[in-house]
Amino acid sequence: MRLLRNLIIGLSLLVLIAGLVGYFWMRSSRPDYNAELRLPGLSKPVEVFFDDHAVPHIYASNERDLFMALGYVHAQDRLFQMEMIRRLADGRLSEIFGEKTLSTDRFFRTMGFRQHARTSVANLMQDSTRPHVQAALAYLRGVNHYVAHGKKPVEFSVLGIEGTPFSMEDIEVIISYMGYTFTGAFKAEAVATTIASRWGTDYLKDIFSNWPDSSWKIPVQPGGLQADSTLAMVFLEMADKAGDLGRNLPYPTYNGSNGWVVSGKKTKSGKPILANDTHIAFAQPSVWYEAHLECPGFSIYGNFLAGTPVPALGHHDAAGWGITMFENDDMDFYREKLNPENANQVWNKDHWEDLQVRKEIIKVKGGEDVVLEVKRSRHGPILNGAFDGIREYTDPISMWWIHDQFPSTHLQAFYKLSHADRVSEARNAVSLLTSPGLNIMWADTTGDIAWWAAGKLPIRPAHVNPNLILDGASGADDPTGWLPFDMNPQILNPARGVLYTANNQPEDMGSGPIAGYYVPSNRARRIEALIFNDRNDWTEASMREVINDHTSSTFPEIILQIMPLIDTTKLRPEAMGPFHALSAWDGTHELTDVEPTIFYKYLYTIYRDAVRDELGHEAFKSFLQSLTLKRNTRSLLLNDSSRWWDNTLTPQRETRAQILTKAFDEAACRLENQLGDEMEEWYWELVHKLEHKHPLGAIPVIGPILFNVGPYDVPGGQETINNLDFSLDSTGEYQVSSGPALRRIIDFGRSSDRFSVNPTGQSGHPLSPYYDDQAELFATGGKRREWLDRKDIERVKIGRTVLKP
């Protein structure tokens, strides 16, 4: 016993010592915000003040020095994030993670971001003296000096990563990834094709209407193929694989947003107020990196994506802008006709056409290199070889994407937007964007407010339904041209003094509705209810109440109409309490509410009983993950004659009332099993939680503790303004997957009233106090100031770095 006791004590001491050594080693790799450093290439010294949340405020003598310093401090705080997104987009994760990320690499190699980046860079370098090119080159010089000489992130040591320089191509690869993750077409079109091929148009129209909320379109100023069931299932399997990849990616996908601008005639300050919360999948570090840049003739406070030198969101003293997703359909899928005598040819109208073929070599840590043959038709990459485990299918499926049709203009457009002071300059910048489709909201101190739907919009033949897979052989389904930017949805200085976007469909500009994957009207209706009124004393504080709002505008209306259809005589007595509670629900999603807990369990059970019998288990899972469900919840639940209500697996014909009754009783029963018999304690906070997961958070035991942030109990829900979203499934637990990546409100009449909040923190270092210092603030709807005045910045600074030539 004494020997065993001594052994335990000895092992405990060894673990303690190892832990202390590891802790101090990790601390030693934290950035030092108080430093004097050499940065070769600078023309003059640059000062960087880090404010009370470690946001860098950079003061330089010229733009070249300014962007070089930005690159250095960006890499200092977020190099691992930059490295991971570069590898992810380039299909090189398997070099560090081994075979478990091979499927991700196969997919992104097939997408060909590197090939598109080469085209874009060749276009940029035709004139490398242009200011946006010079800014990017300077940024890269700063990044690469840190890569070569700065402290390495702890994750590099854990994963055995050797730092390598970043290039212009790498910037464009990252931008391509951003564009891909904005695309909602893959899953939605696969589900629609499956429904159409199996059950026909009657089923499709009930659950895949183009836009069911015609009264809630964004105001503007106006100026297929019949798929066989095997093809449909192959397409759906591809979409499932892509969806699985998306849910398991180490860094976020982009999937929504709110944004609105109120003109000065409706604000207390007399100047416009801009509000924006971009909706992005949560991860750690969070997606946006904030920085404030100042030099003679240029000033911007912006939010930057990892590895990019120009802000996607920004403001300065005179103007600013925000973004949301346009949700236009910028991706189509084609069934190509393969030459039976030559696997590298497909039919094009009247002749066989060669496919482009290239070989990709994927290096796999601990394994053999994988050689991948990638083929492209005139439409785009052939997807059949991009996924493992897809059933054999003769005809290739190709992907046409607006992004691939043009060199990237991201750097030029957002550089110009960063320098814009007036609405005409901003419009010129926005008109350059090609893909992804974005809504850009603008406000300036002259009083102008504007919104533009940015991106190239294709002209599709009148007969084409882009929701379905198209015919790639005849040429009849191919786009025929592009709309001029004047025909993009847009508005300048609306008479109501308010404009907004919430991923809802814009009105027709005169060329017909823009095809897209617009979300339901829930957020749009709630925004209109809260800000479209006679109020003329809006402030940042009162706007903060709106951006944190978590009341559904739509679900109470649905409940009001479907609850009377439930036959209460067929409910168990235990289900009557939940029945009365949900019947009186006002749509709020407070932490201590029980109604959302009941509602989402009930909604899942309705869909399971109504839809799964037709779709089957796998297709039903895809349906739950697609925008189709959200967009058509209201239209399906209120459609008494829909064919979906009948259970095709039973001999009798079920009605909507029968399905609603059965589903409610079962949902209540399952909640009792999950949360106990006391319905009053089925609090929303018990099942709705937010955790920010780091790629190394999967390491057993220590990973979640050291790298992840949270979990936090959070209010909000699906399609509330505070859109803390999740997937419906059978568990009754709603792990938040996406939501606001910031909550930013700018009052252009008061420089002191510019506030935001980051979901976690600025730093990417796990032991930095700024790794998660905003997480609690974010979860509780708080805010912190975006400092612009140098005196204030120096007063609150936590560090000062001087970069010298």
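Before reading on, note that the structure itself is shown above.
What you see is a predicted model; the values in this text were computed from it and never measured.

1. Describing the overall build of the protein
- The helix and strand inventory of the protein stands at 24 helices and 31 strands.
- When the 805 residues of the protein are sorted by exposure, 62% land in the buried category.
- If you sum the accessible surface of the protein, you get close to 29500 Å²; carbon and sulfur atoms cover 51% of it.

2. Looking at the packing of helix α16 (residues 555–562) against helix α18 (residues 595–615)
- Across the interface, α16 lies against α18 with an axial gap of 13 Å and an inter-helix angle of 65°. Note on packing geometry: the crossing formed by α16 with α18 is left-handed. Of α18, the residues touching α16 (which contributes Phe-555, Ile-559 and Ile-562) are Phe-599, Tyr-600, Tyr-602 and Ile-606.
- Split into classes, the residues belonging to the contact of α16 with α18 amount to 7 nonpolar, no polar and no charged.

3. Description of the pairing of strand β16 (residues 397–401)
- With 5 of 5 residues buried, β16 is to be regarded as a mostly interior element.
- Here β16 shows two buried faces, one formed by Ile-397, Met-399 and Trp-401 and the other by Ser-398 and Trp-400.
- Of the strand pairs in this sheet, strand β10 (residues 331–335) and β16 are connected by 5 bridges, and their pairing is antiparallel. Within β16, the position partnered with Phe-333 by the bridge is Met-399.

4. Section: the sheet that holds strand β2 (residues 46–50)
- In spatial order, the strands read β1-β31-β2-β3-β6-β7-β8-β9-β17-β18-β22; together these 11 strands make up an open sheet with mixed pairing. Each edge of the open sheet carries a strand with a single partner, namely β1 (35–38) and β22 (490–492). Averaged over all pairs of adjacent strands, the angle between strand axes in this sheet comes to 20°, irrespective of strand direction.
- Summarising the sheet, strand β8 (residues 313–315) and strand β9 (residues 319–325) pair through 2 bridges and their orientation is antiparallel. Within β9, the position partnered with Gly-314 by the bridge is Trp-321.
- Sheet contacts for helix α2 (residues 63–90): β1, β2, β3 (56–59), β6 (289–295), β7 (298–304) and β31 (799–804); angle to β6, the most-contacted strand, approximately 160°.

5. A look at the packing of helix α6 (residues 131–149) against helix α12 (residues 410–419)
- For the pair α6 and α12, interaxial distance at closest approach is 9 Å and the crossing angle is 100°. Taken together, α6 and α12 sit at an angle that is classed as roughly perpendicular. Here Pro-131, His-132, Ala-135 and Ala-136 of α6 come into contact with α12, specifically with Leu-411, Gln-412 and Tyr-415.
- Here the residues of the contact of α6 with α12 sort into 5 nonpolar, 2 polar and no charged.

6. Focus: the packing of aromatic side chains
- Applying the stated rule across the entire model yields 31 aromatic pairs.
- Both rings, one in Phe-282 and one in Phe-778, keep their centres 5.9 Å apart while their planes meet at 75°; by these two values the pair is edge-to-face. Pair noted here: Phe-282 is in the loop between β5 (273–281) and β6 and Phe-778 is in helix α23 (residues 775–779), with a separation of 496 residues, a long-range link. In terms of burial, Phe-282 and Phe-778 fall into one category: buried.
- When the centroid spacing of 5.2 Å and the interplanar angle of 40° are considered together, the rings of Trp-585 and Phe-599 count as tilted. Of the two residues, Trp-585 is situated in the loop between α17 (576–583) and α18 and Phe-599 in helix α18; the sequence distance between them amounts to 14 residues.

7. A closer look at the sheet that holds strand β25 (residues 709–713)
- Strand order in the open sheet formed by 3 strands is β25-β24-β26, and the pairing between neighbours is mixed. Each end of this open sheet is capped by a strand with a single partner; those strands are β25 and β26 (734–735).

8. A short note on the side chain of Asn-439
- By the secondary structure assignment, Asn-439 is in strand β17 (residues 438–444).
- Of the residues examined, Asn-439 reaches a relative accessible area of 1% and is grouped as buried.
- Of the polar contacts made by the side chain of Asn-439, one reaches the backbone oxygen of Met-325; its length is 3.0 Å.

9. Details of unusual backbone geometry
- For the bond from Ser-435 to Pro-436, the omega torsion is 0°, close enough to zero to count as cis.
- Here Pro-436 lies in the loop between α13 (423–430) and β17.
- Not every positive phi belongs to a glycine, and Ala-54 is a case in point at roughly 65°.
- For Ala-54, the location among the structural elements is in the loop between β2 and β3.

10. Some details on the side chain of His-53
- Structurally, His-53 can be placed in the loop between β2 and β3.
- His-53 has contacts with Gln-762, Tyr-770, Asp-773, Gln-774 and Arg-784, leaving out every residue within four places of it along the chain.

11. Concerning the pattern of salt bridges
- Under the defined criterion, the tally for this structure stands at 45 salt bridges.
- Of the charged contacts, one joins Arg-114 and Glu-169 as a salt bridge, the two residues approaching to 3.0 Å between their closest N and O atoms. With a gap of 55 residues between them, Arg-114 in helix α5 (residues 113–124) and Glu-169 in helix α8 (residues 168–181) connect regions that are remote in the sequence.
- A salt bridge links Asp-646 to Arg-653, with the nearest nitrogen and oxygen atoms 4.0 Å apart.
- Using a relative accessible area of 59% as the deciding quantity, one classes Arg-653 as exposed.

12. What to know about the environment of Gly-764
- Along the chain, the position of Gly-764 falls in the loop between β29 (754–756) and α23.
- Distance in space between the C-alpha atoms of Gly-764 and His-694 is 9.9 Å, their sequence separation being 70 residues.
- Every residue in contact with Gly-764, bar those within four places of it in the chain, is listed here: Asp-77, Arg-78, Glu-155, Pro-285 and Tyr-771.

13. Thoughts on the pairing of β5
- Counting buried positions along β5 yields 9 of 9 residues, so the element is predominantly enclosed.
- Side-chain alternation along β5 places Ile-273, Ala-275, Asp-277, His-279 and Ala-281 on one buried face and Leu-274, Asn-276, Thr-278 and Ile-280 on a second face that is also buried.
- Bridge analysis of β5 against strand β28 (residues 744–747) gives 4 bridges, and the strand direction is antiparallel. Note on β28: the bridge partner recorded for Leu-274 is Ile-746.

14. Quick word on a negative patch on the surface
- A contiguous patch of negative charge, built from Asp-677, Glu-678, Glu-680 and Glu-681, is present on the exposed surface.
- Mapped onto the elements, Glu-680 comes out in the loop between α21 (656–675) and β24 (688–692).

15. Focus: the environment of Asp-792
- Considering the arrangement of structural elements, one finds Asp-792 in helix α24 (residues 790–796).
- For Asp-792, a relative accessible area of 27% puts it in the partly exposed group.
- With 40 residues separating them along the chain, Asp-792 and Ser-752 place their C-alpha atoms 9.9 Å apart.

16. Remarks on α18
- Given a rise of 1.5 Å per residue, 21 residues ought to cover 30 Å, and the 29 Å separating the end C-alpha atoms of α18 matches this to within 8%.
- Most pronounced at Asp-609, the bend in α18 amounts to some 35°.
- Most of α18 is tucked away: 20 of the 21 residues are buried.
- Positive phi shows up at Gly-616, right after α18, with a value of about 85°.

17. Points about α13
- Considered for burial, the residues of α13 that qualify are Val-423, Ala-426, Ala-429 and Val-430. Around the axis of α13, the buried residues are gathered within 120° of arc, so they sit on the same side.
- Along its buried surface, α13 packs onto α12, β17, β18 (449–454) and β22.

Thresholds, definitions, all that
Residues numbered from 1 in each chain as written. Predicted model: local features only at pLDDT ≥ 70, side-chain atom pairs only at ≥ 80, totals over all residues. Heavy atoms only, no water. Helix = DSSP H or I, 4+ residues; strand = E, 2+ residues; numbered from the N terminus. Buried < 20%, exposed > 50% of the residue type's maximum accessible area, 1.4 Å probe, protein only. Areas by Shrake-Rupley, 256 points an atom, 1.4 Å probe, with all protein chains shown as cover. Axes fitted to C-alpha atoms, helices over the stretch in contact; angles between N-to-C directions. Left-handed = near helix turned anticlockwise from the far one by under 90°. Contact = heavy atoms within 4.5 Å. Nonpolar A, V, L, I, M, F, W, Y, C, P; charged D, E, K, R; others polar. Pairing = 2+ DSSP bridges. Parallel < 35°, antiparallel > 145°, perpendicular 65-115°, else oblique. Phe/Tyr/Trp six-rings, centres within 6.5 Å; stacked < 30°, edge-to-face > 60°. Polar contact = N/O pair within 3.5 Å; in protein donor to acceptor, adjacent residues only side chain to side chain. Salt bridge = Lys/Arg side-chain N within 4 Å of Asp/Glu carboxyl O. Patch = residues over 30% accessible without salt bridge, like charges linked within 9 Å, V, L, I, M, F, W, Y side chains within 5 Å. Lys, Arg positive; Asp, Glu negative; His and termini not counted. Charge placed at Lys NZ, Arg CZ, Asp CG, Glu CD. Expected span 1.5 Å × (residues − 1). Bend = angle between axes of the 7 residues up to and from the residue. Arc of directions from axis to C-beta.

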